[in-house]
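The lines below spell out each chain.
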Amino acid sequence: MIMTQTTKDDSLQRAKDYVDGVFKTVQERNPGEVEFHQATKHIFSSLVPVFAKHPKYMKNGILERISEPERLITFRVPWVDDNGNVQVNRGFRVQFNSSIGPYKGGTRFHPSVNASIIKFLGFEQIFKNALTGQPIGGGKGGADFSPKGKSDNEIMRFCQSYMTELVNHIGPNVDIPAGDIGVGAREIGFMFGQYKRLRGAYEPGVLTGKDVRFGGSLVRPEATGYGLIYFANHMMHDLGLTFEGSNVVVSGAGNVAIYAMEKAMELGAKVVACSDSSGYIYDEQGINLETIKRLKFSGNGQVASYLDEHPHAVFHDNCAEIWNVPCDIALPCATQNEIDADIAKTLIKNGVKVVAEGSNMPSNQEAIDLFNESHILFGPAKAANAGGVAVSALEMAQNSMKLTWPFEKVDKKLHEIMLNIYHNAVNAAEEYGYPGNLDVGANIAGFIKVGDAMIREGVV
Ligand code: NDP
Ligand code: 2IT
């Protein structure tokens with residue numbers, strides 16, 4: 001059937017009205033949850049052409065259902081600090097969508113954690129996980145706990161208390177948490193130990209990001225950062241750009257940032273700046289990654305201490321100003337809402353050619369629009385940073401088969417997954433009338449996979 005222009009306009013308008021109506025409900029049902037509103041609005045608006053072309057998603061209430069978590073668990077996390085004082089934090093786990101697999105997603109320990117942040121992360125995770133091609137649904141968790149300045153024993157007691165409640169809600173075929181901000185192999189180890197004790201069973205597939213000595217996968221620590229660079233490399237390749245000889249700025253100095261810097265350097269880039277919450281360092285000779293690793297992997301070091309070993313470098317105590325440093329490639333790898341319209345304008349004015357997101361939702365809608373208008377290559381988080389959760393799924397596969405794959409095998413699979421995500425995003429963008437827009441393409445490709453599963457599984 002050939003669609004006339006009028007019927008096409010009518011269906012677009014109907015789709016737009018539908019999206020606006022569901023978004024209004026999301027706002028009313030989740031008052032004040034600004035990050036969650038931001039994430040839903042962003043994805044919803046990408047989906048208008050999908051609903052215009054395939055009304056079945058509207059008929060089956062997919063948007064209404066996908067934006068309401070299957071379950072949101074909040075709980076008290078009491079623990080005793082080293083001075084014998086009782087402390088109380090609030091724990092969360094959102095089990096957002098299980099249509100294509102068990103809930104899967106990270107755990108964030110940071111004082112800013114609240115329901116809005118956990119829900120925005122869990123919502124994004126649904127689409128990201130679908131894009132990986134692995135059988136994993138969307139979830140996320142965390143607590144408003146700050147690991148900063150805590151002793152190992154305090155971290156252990158906190159993780160044990162967090163798991164004492166969470167154990168009732170997770171399992172290798174139910175929900176599989178992993179790390180995120182403030183949660184790395186140390187915290188996952190403490191949580192796994194407590195889970196094992198409470199369950200009375202050895203179920204390594206219940207958590208990912210474990211130490212390799214008890215079921216962790218090789219490449220999982222590197223996976224998000226390496227995957228980000230593999231993804232950016234694919235985007236750049238099509239335009240004849242390379243990391244070789246490029247100037248790169250990376251925000252953050254944590255898990256994602258460090259391995260993004262490592263792989264970018266391996267490909268011949270010069271990383272001139274990185275940051276943490278205390279500020280940023282600029283080293284015109286190129287950041288020495290061994291120093292950063294030493295500072296960050298062994299305790300609570302701050303990037304300012306980099307200058308002790310590299311006195312020619314410069315430290316600025318405002319981390320947001322890192323984006324004033326001119327670069328060819330910008331890799332936000334710290335947290336959400338790092339890049340607004342003003343920062344985007346500065347990056348563009350200074351000649352940035354590529355922005356690829358390692359952190360979740362680092363750029364707001366205005367910034368993304370500016371990048372698109374200026375033809376900056378833009379790699380959206382849910383595609384570009386999906387390597388971490390993709391290798392988590394490979395860790396689950398190894399756990400269930402009770403075997404360990406070599407580094408090269410996992411790295412090769414990570415490469416293939418990132419390339420597939422890139423192609424799926426490119427193709428979906430093309431098919432729905434947004435050629436070259438990987439942001440819209442990634443949202444659409446992820447949505448269609450989950451939406452089709454939800455239709456076939458009935459109204460649940
Ligand atoms: P880490 O805790 O290892 O590192 C976070 C880094 O970002 C630190 O340098 C931290 O500084 C900085 N940072 C955190 N919050 C803020 C803030 N509010 N303002 C300024 N700086 C901040 O976390 P990850 O590297 O694991 O995570 C970074 C981002 O990547 C997050 O958005 C996360 O959701 C995302 N991500 C993580 C994945 C993973 O596998 N770990 C997978 C996909 C995405 P400081 O040390 O001073 O606190
Ligand atoms: O945001 C993310 O994708 C993660 N924090 C990783 C999740 C996971 O389950 O490995």
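A brief structural summary. Only a predicted model underlies this, so the values are computations on that prediction, with no experimental measurement involved.

**Thoughts on the packing of helix α10 (residues 255–266) against helix α11 (residues 289–297)**
Stage number 1. Interhelical geometry of α10 versus α11 gives an angle of 165 degrees and a closest axis separation of 11 Å. It follows that α10 is roughly antiparallel to α11 by the angle criterion. For the element pair α10 and α11, the recorded crossing hand is left-handed. In this structure, α10 uses I258, Y259, M261, E262 and M265 to contact α11, whose residues at the interface are L289, I292, K293, K296 and F297.

**Comments concerning the site of ligand 1**
Stage number 1. Within the structure, ligand 1 sits among 26 residues, and K148, D180, N255, S277 and N360 are positioned closest to it.
Stage number 2. In this structure, R220 approaches ligand 1 through a side-chain N or O atom, which is 2.9 Å from an oxygen atom.
Stage number 3. In isolation ligand 1 has 890 Å² of accessible area, and contact with the protein removes 84% of it.
Stage number 4. Only α9 (220–237), α10 and β8 (270–276) provide two or more residues apiece to the shell around ligand 1.
Stage number 5. Here the shell around ligand 1 is composed, by residue class, of six nonpolar, 13 polar and seven charged.

**Describing the sheet that holds strand β9 (residues 279–282)**
Consider a sheet: its strands pair through backbone hydrogen bonds, and that pairing is either parallel or antiparallel.
Stage number 1. The sheet built from seven strands is open, its strands ordered β10-β9-β8-β7-β11-β12-β13 with mixed pairing. Since the sheet does not close on itself, it has two edges, and those belong to β10 (314–316) and β13 (377–379), each with one partner. Recorded for the sheet is a direction-independent mean angle of 15 degrees between the axes of neighbouring strands.
Stage number 2. As paired elements, β8 and β9 share four bridges and run antiparallel to each other. Bridging from a neighbouring strand, C274 pairs with I281 of β9.
Stage number 3. Contacts between α9 and the sheet are confined to β11 (329–332), β12 (354–356) and β13, with β12 contributing the most and set at about 145 degrees to the helix.

Conventions we followed
Residues numbered from 1 in each chain as written. Chains lettered and ligands numbered in written order. Predicted model: local features only at pLDDT ≥ 70, side-chain atom pairs only at ≥ 80, totals over all residues. Heavy atoms only, no water. Axes fitted to C-alpha atoms, helices over the stretch in contact; angles between N-to-C directions. Helix = DSSP H or I, 4+ residues; strand = E, 2+ residues; numbered from the N terminus. Parallel < 35°, antiparallel > 145°, perpendicular 65-115°, else oblique. Left-handed = near helix turned anticlockwise from the far one by under 90°. Contact = heavy atoms within 4.5 Å. Near = heavy atom within 4 Å. Polar contact = N/O pair within 3.5 Å; in protein donor to acceptor, adjacent residues only side chain to side chain. Areas by Shrake-Rupley, 256 points an atom, 1.4 Å probe, with all protein chains shown as cover. Nonpolar A, V, L, I, M, F, W, Y, C, P; charged D, E, K, R; others polar. Pairing = 2+ DSSP bridges.

The values are spatial; any link to function lies outside them.
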